Amino acid sequence: MTFEPEELRQSRTDLADTLKTLRKRAGITQTRLAQRCNISQTKISNIEGSKLTPSLVDVELILRALEAPPDLVSQVAALARTANTEWQDVWSQRRTGLEKKQNELAGFERSSMEFRYFLLSMVTGLLATPEYMRASLAHIPGDHSKAIAKKLERQSALYDTSKRFTFVLTEQAVRWPFLPALAMAMQIDRLASISLLPNIRLGVIPFDTHVPVGPLNTFTIYDRRIATVETQTGAMIFRDHRDVSAYLDEFTAYEGFALFGDKCRERLSEWANQFRS
């Protein structure tokens with residue numbers, strides 16, 4: 001399925017209007033519908049007012065309570081899936097300030113307990129040294145000191161032992177020469193150090209590994225409820241359980257090809273030493 005940014009914005013309004021129309025046609029009040037669905041009247045009101053985007057489960061409960069015909073259930077479910085997808089383009093992020101994006105990511109990290117990162121071509125901010133952070137933002141005009149400070153602040157989540165992190169990095173992500181050689185060695189040393197934390201699994205997929213599937217994007221999964229997928233021009237945020245499940249399956253596949261523990265650290269040490277020499 002493809003999503004147009006304007007379609008994603010409009011779909012939320014369309015979904016709210018559709019559910020409200022269906023309820024009124026059924027001659028049921030918000031209070032009665034809430035009772036049938038075992039959710040609050042306030043939630044029904046917020047859904048119909050487009051203040052809250054309902055999950056696919058919420059939509060299925062509402063449609064069942066309204067006794068909607070199967071063909072209509074299928075149409076509205078497709079609309080709900082689109083409504084649960086968000087597009088964030090890089091130009092909007094730059095206009096509103098890169099630190100705002102960092103605040104949003106920090107919010108995801110506060111509200112989640114299990115994290116899965118597949119890193120195809122770069123090191124993510126949670127794992128980056130300050131030098132790497134600066135280099136990753138160097139192509140964007142302006143002062144990035146606030147964004148870098150937020151990135152560094154977010155790294156405290158790694159030391160919260162109630163949270164679990166799994167990072168899978170390709171060799172390209174680890175070794176892409178974003179920095180001068182010595183600084184790259186230090187960045188790789190940081191990866192090895194972080195891999196020793198008790199709540200973190202960090203694995204690498206070396207180039208000499210046979211991987212019969214081809215990754216297209218870097219992505220992150222928060223618990224089993226949100227998947228964010230990065231592209232060159234922005235990020236997609238998926239909340240539909242089918243989309244999230246698809247990325248969970250993809251992550252599990254790549255995880256199976258990765259080296260973890262001592263084997264991972266041996267390979268990281270080898271790559272860091274190559275930069276030092």
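Residues numbered from 1 in each chain as written. Predicted model: local features only at pLDDT ≥ 70, side-chain atom pairs only at ≥ 80, totals over all residues. Heavy atoms only, no water.

> I tried to follow the sheet that holds strand β4 (residues 200-205) on my own but got confused; where do I start?
Two modes of strand pairing occur in sheets, parallel and antiparallel, and in both the strands are linked by backbone hydrogen bonds. The strand order across the open sheet built from seven strands is β1-β7-β6-β5-β2-β3-β4, with neighbouring strands paired in mixed fashion. Looking at strand neighbours, the two that pair on one side only are β1 (85-89) and β4, the edges of this open sheet. Across the sheet, the axes of successive neighbouring strands diverge by a mean angle of 10°, strand direction being ignored. By the bridge criterion, six bridges tie strand β2 (residues 114-119) to strand β3 (residues 164-170) in an arrangement that is parallel. Residue pairing in the sheet places Tyr117 in a bridge with Phe167 of β3. (Pairing = 2+ DSSP bridges. Helix = DSSP H or I, 4+ residues; strand = E, 2+ residues; numbered from the N terminus. Axes fitted to C-alpha atoms, helices over the stretch in contact; angles between N-to-C directions.)

> Explain the packing of aromatic side chains here, please?
How two aromatic rings sit relative to each other is given by the distance of their centres and the angle of their planes. If you walk through the whole model with that rule in mind, you get eleven aromatic pairs. Relative to Phe165, the ring of Phe115 lies with its centre 4.4 Å away and its plane at 5°, an arrangement referred to as stacked. Within this pair, whereas Phe115 is found in strand β2, its partner Phe165 is found in strand β3, the two being separated by 50 residues in sequence. A relative accessible area of 1% means that Phe165 is categorised as buried. Taken together, the ring pairs connect Phe108, Phe115, Tyr117, Phe165, Phe167 and Tyr222 into an aromatic cluster. The ring of Phe260 carries Arg201 above its face, with NZ or CZ at 3.9 Å from the centroid. (Phe/Tyr/Trp six-rings, centres within 6.5 Å; stacked < 30°, edge-to-face > 60°. Buried < 20%, exposed > 50% of the residue type's maximum accessible area, 1.4 Å probe, protein only. Lys NZ or Arg CZ within 6 Å of the ring centre and 35° of its normal.)

> Where do I start with helix α12 (residues 241-257) in this structure?
One full turn of an α-helix is made of 3.6 residues, so residues set three or four places apart face in the same direction. Taking 1.5 Å of rise per residue, 17 residues should cover 24 Å, and α12 covers 25 Å from first to last C-alpha, within 8% of that figure. Restricting attention to buried positions, one finds in α12 the residues Asp243, Val244, Tyr247, Leu248, Phe251 and Tyr254. In an axial view of α12, the angular spread of the buried residues amounts to 140°, which keeps them on one side of the axis. Along α12, the residues that are exposed and aim more than 90 degrees away from the buried face are Asp249 and Gly256. N-cap assignment for α12: the residue whose side-chain oxygen lies 2.8 Å from the backbone N of Arg242 is Asp240. (Expected span 1.5 Å × (residues − 1). Arc of directions from axis to C-beta. Polar contact = N/O pair within 3.5 Å; in protein donor to acceptor, adjacent residues only side chain to side chain.)

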